[in-house]
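Listed below, chain by chain, are the residues.
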Amino acid sequence: MLTTVHIVGIVLTIGVLLAVSILSGRKVKDAKAFTTGGKAGSWMVCGAILGTLVGGQSTIGTAQLAFSFGLSAWWFTIGAALGALVLGLVYAKPLRNSGCSTLMEVVRQQYGRRAETVGSILFLVGIFISITSQLLSSSAMLTSLFGLTMGAALALGAVLIAALVLFGGIRSAGSGGIIKLVLLYVCSLAAGIAVWRLGGGLGGIRDSIAAVYSNPHLSAMNGIAGAEDIHRRYGTLLARGPLKDLGGCLSLTLGVVCTQTYAQAVWSAATTQKARRGAVYCAALIPLIGAACTLVGMYMRGHYVTADEAAALQNAGERLPEGIGVLENTLQAFPTFILAHLPTWLGGIALGTLLINILGCGSGLVLGAATIVTRDVYGNLMTVMRRTSRLSQLTQTRVSIVLLLLLGMVAAHFVRGSFINDLGFLSLGLRAAALLLPLSFALWLPGRFNPRAVTASMIAGTVAMLADGLLHLPADPMYYGIAASALLLLPTWRRR
């Protein structure tokens, strides 16, 4: 139950990060400083990446997925860590040497303005899905904590995201990310210790899950036929199948490389060496947070049922087993654990950190998307029309942020029943399907591919991924997206 101490902890935690964001924003004097920072150190780069990469999907979403599929939920943060590692070690130097400030500028230099515009629109689809999932995560937190309606929670979440980014840009994301890094690790360590103590280690957590599924009605509802099924679902990293889980990891890894927000963190570094170190630090830190959230979700599965499961038991004339609680939905797994099983003072800080974690990730994604809208879509439109915008670039970026958040609020109403991590896999995968090959070839094999083929490959990759979602093909959509892009692009390769 939410207490006064919880509320004080939440408010103080949010207030600290907002203060850092506003103070950092005072240093922003022009659009370049707003979007790329300029002289960030390694830990600032790490904070900027971590602050946007480890959001509601990596925390609430991971616990939600672990509630249903156990250890396989860890793939989300494993893929995110691998993506940060590849970004720092492989892509940081060529990106910084390109002389560009957006990924789409790199594409335009090699393949022309048409490829840039098409790629920007397709790329925005992927980022927009992540923005929507962060709004959905924030609304789940706010409704769980304060009993707000869905609409009110979405509106409040959007306002808080705007406050974090509008007056600070990448500087506020980096500074806030460093603070959030410390708070996340304190809270993750506390949650991990609490789970280990309360659950009796991994073996005890598995035993509690088996006890829940000893009820035949609950087992039937979840497709569990015996102890072997329980182990297959909760005790392995490939519970949803190798193609599904490894494909999701691949989507995260490649999608991170192809996301404007994380590239901006690389460009914001003072030197290439600091950019690399920041990305490597981030890669080393992310998996521990995912492991803690996975354990929390598994622990909650062994001690809670959902409202739908409780209703099914009641309809069957059965009572809930002794000591078993009820969650309104699986999204509440992490917030409920904090409220019920952490000390009140620490729970307040943890809840505030979790909410800031979601809002900070959303702010970074919105900033990256707004940069693309301003420079690559709106800017190209003005060029084609041979007109000059009356608004400054900084104003254009801020207006784009507001519009993206309003559209995200609308979209969140239509995906309320989805796994947050599945939205994350789709979002990162769409970015990689559209941009990975054109971007990589532009950096390492310039002048080797036909611009028309590049544009067609972007469209083909995106269509293939979306078609897989509609047709429910056996493998992860990421495989089909990359394959379709390569089939159209590689035959046009030229030696010179």
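Residues numbered from 1 in each chain as written. Predicted model: local features only at pLDDT ≥ 70, side-chain atom pairs only at ≥ 80, totals over all residues. Heavy atoms only, no water.

## Thoughts on the overall build of the chain
In plain terms, the rule: Where helices and strands are cited, they refer to DSSP runs of H or I of at least four residues and of E of at least two residues respectively, numbered from the N terminus. To sort residues, take the accessible area from a 1.4 Å probe on protein chains only and compare it with the maximum for the residue type: under 20% means buried, over 50% means exposed, and anything in between is partly exposed. Residues are treated as being in contact if the distance between any of their heavy atoms lies within 4.5 Å. Only the protein chains shown count as cover for residues, and all accessible areas are computed by the Shrake-Rupley method using a 1.4 Å probe.
Check the secondary structure of the chain and you find 22 helices and two strands. Counting all 496 residues of the chain, 59% fall into the buried class. Sequence-distant contacts, at least 24 apart, represent 83% of the contacts inside the chain between residues at least 6 apart. If you sum the accessible surface of the chain, you get close to 19,400 Å²; carbon and sulfur atoms cover 65% of it.

## Topic: the pattern of salt bridges
Heads up, the condition is: In the sections that follow, a salt bridge refers to a side-chain nitrogen of Lys or Arg positioned within 4 Å of a carboxyl oxygen of Asp or Glu.
Here the structure, examined in full by the defined rule, presents six salt bridges. Between E116 and R108 there is a salt bridge, and its shortest N-O distance comes to 3.5 Å. The salt bridge partner of D422 is R240, with a shortest N-O separation of 3.0 Å. Within this pair, whereas D422 is found in helix α20 (residues 420–444), its partner R240 is found in the loop between α12 (227–234) and α13 (242–257), the two being separated by 182 residues in sequence.

## Regarding the nonpolar core
To keep it simple, the criterion reads: By nonpolar core is meant a set of buried Ala, Val, Leu, Ile, Met, Phe, Trp, Tyr and Cys residues that side-chain atoms within 4.5 Å join together.
I49, L95 and M300 are the most contacted members of the largest nonpolar core, which totals 144 residues. What I49 contacts, discounting residues up to four positions off in sequence, is L87, Y262, A265, A279 and C282. Grouped together as the second largest cluster of nonpolar side chains are six residues, V212, L218, V305 and A310 included.

## Side note on the environment of A115
Position of A115 among the secondary structure elements: in helix α7 (residues 113–146). Residue A115 is classed as buried on the basis of its relative accessible area, which comes to 0%. Residues A115 and P438 lie 323 residues apart in sequence; the distance between their C-alpha atoms is 9.4 Å. Excluding anything up to four places from it in sequence, A115 contacts V107, T455 and M458.

## Brief notes about a nonpolar patch on the surface
Selection criterion: Residues with no salt bridge and a relative accessible area higher than 30% make up the patches, which join like charges within 9 Å and nonpolar side chains (Val, Leu, Ile, Met, Phe, Trp, Tyr) within 5 Å.
On the surface, L82, L85, L89, V90, V280 and W444 cluster together into a nonpolar patch covering about 470 Å² of accessible area. Inspection of the secondary structure assignment puts L85 in helix α5 (residues 75–97). Residue L85 is classed as partly exposed on the basis of its relative accessible area, which comes to 31%.

## As for the packing of aromatic side chains
The following threshold applies: Only Phe, Tyr and Trp rings are paired, with Trp represented by its six-membered ring, and only when their centres lie within 6.5 Å; those with planes under 30 degrees apart are stacked, over 60 edge-to-face, the remainder tilted.
In the structure shown here, the tally under the stated rule is seven aromatic pairs. Seen from their ring centres, W43 and Y281 are 4.6 Å apart, and the 25° between their planes marks the pair as stacked. Linking W43 in helix α3 (residues 42–53) with Y281 in helix α15 (residues 272–301), this pair joins segments that are 238 residues apart in sequence. By relative accessible area, which is 29% here, Y281 ends up partly exposed. Taking the centre distance of 4.5 Å and the plane angle of 20° together, the rings of F441 and F449 count as stacked.

## Considering the environment of W267
If you trace the backbone, W267 turns up in helix α14 (residues 260–267). The buried category is assigned to W267, whose relative accessible area is 11%. Residues W267 and N97 lie 170 residues apart in sequence; the distance between their C-alpha atoms is 9.7 Å.

## Some remarks on the confidence of the model for the chain
Where we set the bar: pLDDT is defined as a per-residue confidence score from the predictor, taking values between 0 and 100.
For the chain, mean pLDDT is 83; residues scoring 70 or higher make up 89% of the total. Taking the mean pLDDT of every element in the chain, the minimum, 46, falls on helix α2 (residues 31–36) and the maximum, 95, on α5.

## Brief notes about the environment of F69
Its location among the elements puts F69 in helix α4 (residues 57–69). For the pair F69 and R240, spaced 171 residues apart in the sequence, the C-alpha separation amounts to 7.4 Å. Beyond its immediate stretch of four places on either side in the chain, F69 contacts R233, Y234, A239, R240 and F419.

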